[in-house]
Amino acid sequence: QVRLVESGGGLVQPGGSLRLSCAASGSIFAIYDMGWYRQAPGKQRELVAVIPSGGTTNYADSVKGRFTISRDNTKNTVYLQMNSLKPEDTAVYYCSAEVAPVRGGTPYDYWGQGTQVTVSS
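Residues numbered from 1 in each chain as written. Predicted model: local features only at pLDDT ≥ 70, side-chain atom pairs only at ≥ 80, totals over all residues. Heavy atoms only, no water.

**Points about the nonpolar core**
- In terms of nonpolar packing, the biggest core is built from 30 residues, with W36, L80, M82 and Y93 touching the most fellow members.
- Looking at this core, the elements that each hand over two or more residues are β1 (2–7), β3 (18–26), β4 (30–39), β5 (46–51), β7 (67–72), β8 (77–82), β9 (91–100) and β11 (115–119).
- Among the elements that line this core, the one with the most residues is β9, at five residues. (Core = buried A, V, L, I, M, F, W, Y, C linked by side-chain atoms within 4.5 Å. Buried < 20%, exposed > 50% of the residue type's maximum accessible area, 1.4 Å probe, protein only. Helix = DSSP H or I, 4+ residues; strand = E, 2+ residues; numbered from the N terminus.)

Below, the structure written as structure tokens:
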């Protein structure tokens, strides 16, 4: 079993910054794509950013230039640095990881429990 645990959410004023972290643990042979999604009240979950094990990152247009996704493969951890936060960034943020639990095994998508980010004065 694979577990993803997020941290770093909270309340911040407009223009402020937060850094989210998500650590994967459990039966892990390899982690491929890691990403962050968010869901605001009354809206569908949307992609924020994704970082593959190799290759270029991808961001939603609404966060380009403000958010940065990174990962530390030695710690099985993905980060989301969020700068210049806006009230419309308020949402529950979820991390995801595509994980192969064993060598040659089929990778599955796993999700964290979510962390609340509120941007308000």
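**Points about the state of the cysteines**
- Within this structure, the stated rule accounts for one disulfide.
- The side chain of C22 participates in a disulfide bridge whose partner is C95; the two sulfur atoms lie 1.9 Å from each other. Where C22 bonds to C95 through sulfur, the torsion about that S-S bond is close to 40°, and the disulfide is right-handed. One end of the pair, C22, is in strand β3; the other, C95, is in strand β9, and 73 residues separate them in sequence.
- The buried category is assigned to C22, whose relative accessible area is 1%. (Disulfide = S-S within 2.5 Å.)

**Overview of the pattern of salt bridges**
- The final tally for this structure, using the stated rule, is four salt bridges.
- With its nearest N and O atoms 3.0 Å apart, the salt bridge here joins R38 to D89. Of this pair, R38 sits in strand β4 while D89 sits in the loop between β8 and β9, placing them 51 residues apart in sequence.
- By relative accessible area, which is 5% here, R38 ends up buried.
- Judged by relative accessible area, D89 falls into the buried class, the value being 0%.
- When the shortest N-O distance is used, the salt bridge between R66 and D89 registers 2.8 Å. Pair noted here: R66 is in the loop between β6 (58–59) and β7 and D89 is in the loop between β8 and β9, with a separation of 23 residues, a long-range link. Side by side, R66 and D89 carry an identical accessibility label, which is buried.
- Here the salt bridges do not stand alone but share partners, grouping R38, E46, R66 and D89 into one network. (Salt bridge = Lys/Arg side-chain N within 4 Å of Asp/Glu carboxyl O.)

**Points about the packing of aromatic side chains**
- Applying the stated criterion across every chain yields a total of one aromatic pair.
- Residue placement shows R19 over the ring face of Y79; its charged tip is 4.1 Å from the ring centre.
- Of note, R45 hangs over the ring of Y94, and the distance from its end group to the ring centre comes to 3.8 Å. (Phe/Tyr/Trp six-rings, centres within 6.5 Å; stacked < 30°, edge-to-face > 60°. Lys NZ or Arg CZ within 6 Å of the ring centre and 35° of its normal.)

**Some details on the sheet that holds β3**
- Overall, antiparallel pairing links the four strands, which are arranged β1-β3-β8-β7 in an open sheet. Both edges of this open sheet fall to β1 and β7, since each of them pairs with a single strand only. For this sheet, the mean inter-axis angle between neighbouring strands, taken without regard to orientation, is 15°.
- Bridging between β3 and β8 involves six bridges; their strand directions are antiparallel. (Pairing = 2+ DSSP bridges. Axes fitted to C-alpha atoms, helices over the stretch in contact; angles between N-to-C directions.)

**Observations concerning the side chain of T115**
- With respect to the helices and strands, T115 occurs in strand β11.
- One polar contact links the side chain of T115 to the main-chain amide nitrogen of G9, over a distance of 3.4 Å.
- T115 has contacts with E6, G9, L20, A91, V92 and Y93, leaving out every residue within four places of it along the chain. (Polar contact = N/O pair within 3.5 Å; in protein donor to acceptor, adjacent residues only side chain to side chain. Contact = heavy atoms within 4.5 Å.)

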